[in-house]
Amino acid sequence: DWWLKLNESGFDPRRGAVFASLGVSMYLTAQANESTLGLIGSAHDSTFVVSFQVPPDLVEPGERRTHQSVKRGAQRGGSPWQSAYRPEDLMNSRR
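The rules behind the values
- Position labels on residues start from 1 in each chain and follow its written sequence.
- Reporting in this predicted model follows two pLDDT cut-offs: at least 70 for local features of residues, and 80 or more for side-chain atom pairs to be given and counted; totals over whole chains, interfaces and linings ignore these cut-offs and use all residues.
- Where side-chain values are given, they derive from all heavy atoms of the structure, hydrogens and water being excluded.
- Here the aromatic set is Phe, Tyr and Trp, taking the six-membered ring for Trp, and pairing holds for ring centres within 6.5 Å; pairs whose planes are under 30 degrees apart are stacked, those over 60 apart are edge-to-face, and all others are tilted.
- Exposure categories follow from relative accessible area, calculated using a 1.4 Å probe and restricted to protein chains: below 20% of the type maximum is buried, above 50% is exposed, and the middle band is partly exposed.
- Put simply, DSSP marks the helices as runs of H or I at least four residues long and the strands as runs of E at least two long, and each gets a number from the N terminus on.
- Strand pairing follows a simple DSSP-based rule, namely that at least 2 bridges must link the two strands.
- When the strands point away from the viewer and the path from the first strand over the helix to the second turns clockwise, the crossover is right-handed.

Draft legend 1. Structural detail: the packing of aromatic side chains. Taken as a whole and judged by the stated rule, the model has four aromatic pairs. On the numbers, 5.4 Å between centres and 85° between planes, the contact of Trp2 with Trp3 is edge-to-face. The class for Trp3 is buried, based on a relative accessible area of 13%. Aromatic side chains Trp3 and Phe11 sit 5.6 Å apart centroid to centroid with 70° between the ring planes, which places their arrangement in the edge-to-face category. Phe11 carries the same exposure label as Trp3, and that label is buried.

This is how it looks when you write it as structure tokens:
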């Protein structure tokens, strides 16, 4: 459990921190992402930087072909995308 290891290493959730999760969220289930957001949200005065995939209907028309190709490549490589978010839904999920 990464949160436990972080705390055992001296992390103090009462002090501000910056968390970064880049290129990860799309490979996690919605439940795993929610759990991560909940843990990070419990850290006082902290910032979370995250990259994420948007649902196909939010991908610009000129980029949809590339988006689908990358998604299929991840699937073939054994790392299928598990989640996608509308920006407003992700921003409001743990406020």
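There's plenty left to go through after this.
Draft legend 2. Spotlight on the pairing of strand 1 (residues 18–21). Burial of strand 1 is one-sided: the residues Phe19 and Ser21 facing one way are buried, the residues Val18 and Ala20 facing the other way are not. Of the strand pairs in this sheet, strand 1 and strand 2 (residues 47–50) are connected by four bridges, and their pairing is parallel. Looking across to strand 2, one finds that Ser21 is bridged to Val50. In this view, the connection linking strand 1 to its parallel neighbour strand 2 by way of helix 2 (residues 30–41) has right-handed handedness.

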